[in-house]
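Here are the chains, one letter per residue:
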Amino acid sequence: MSSSDADWSWLPDYQLQVVATLAHVDHTIDRLLRLTHDYSGQGPVTFAEVIRGDRAEVVVKAIAPLPQAVPRLVADALTQLRAALEHNTCTRKSKPDSDGP
């Protein structure tokens, strides 16, 4: 079902923007997950074995840097989630028939 086929009649008009915001967050998180999946598939962590006497230790030898898009996508998703929460809080306070904070 596409978003144009959805029945939004149950949702107050002043909340329709939140639907678009949450759809954007969903898309952003999907992009982030695909990016981190590809990153982890490349073997970003390299280990080395260190022998000390009769003990062997495995240590992290190198870690590949995260793609630059990762922190930006995280920031975008969190900012949009905050905007959705603030929108809901502000619209509830401005509606005279709202029963809650």
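Preceding this section is the structure that the text describes.
First things first, this report covers the structure right here in the doc. (Residues numbered from 1 in each chain as written. Predicted model: local features only at pLDDT ≥ 70, side-chain atom pairs only at ≥ 80, totals over all residues. Heavy atoms only, no water.)

Per the secondary structure count, the protein includes 2 helices and 2 strands. For the protein, the α and β elements follow one another from N to C terminus as α-β-β-α. For the protein, the proportion of its 101 residues judged to be buried stands at 14%. By sequence separation, contacts in the protein at least 24 residues apart represent 54% of the contacts at least 6 residues apart. Of the accessible surface of the protein, which amounts to about 8,000 Å², a share of 57% is contributed by carbon and sulfur atoms. (Helix = DSSP H or I, 4+ residues; strand = E, 2+ residues; numbered from the N terminus. Buried < 20%, exposed > 50% of the residue type's maximum accessible area, 1.4 Å probe, protein only. Contact = heavy atoms within 4.5 Å. Areas by Shrake-Rupley, 256 points an atom, 1.4 Å probe, with all protein chains shown as cover.)

Little of strand β2 (residues 55-63) sits out of view: just 0 of its 9 residues are buried. Sheet topology note: the strand β1 (residues 45-52)/β2 ladder contains 8 bridges and is antiparallel. Note that in β2 the partner of Val50 across the bridge is Glu57. Counting the residues in the hairpin turn of β1 and β2 gives 2 residues, including Gly53, whose phi is positive at 65°. (Pairing = 2+ DSSP bridges.)

Turning our attention to a nonpolar patch on the surface. A cluster of nonpolar side chains, Val45, Phe47, Val58, Val60 and Ile63, forms an exposed patch at the surface whose accessible area comes to about 500 Å². Broken down by element, the residue count for the nonpolar patch peaks at 3 residues, all from β2. If you trace the backbone, Val60 turns up in strand β2. Judged by relative accessible area, which is 48%, Val60 ranks as partly exposed. (Patch = residues over 30% accessible without salt bridge, like charges linked within 9 Å, V, L, I, M, F, W, Y side chains within 5 Å. Salt bridge = Lys/Arg side-chain N within 4 Å of Asp/Glu carboxyl O.)

Among the structural elements, Thr21 can be located in helix α1 (residues 16-41). Ignoring sequence-local partners within four residues, the contact set of Thr21 consists of Gln80 and Ala84.

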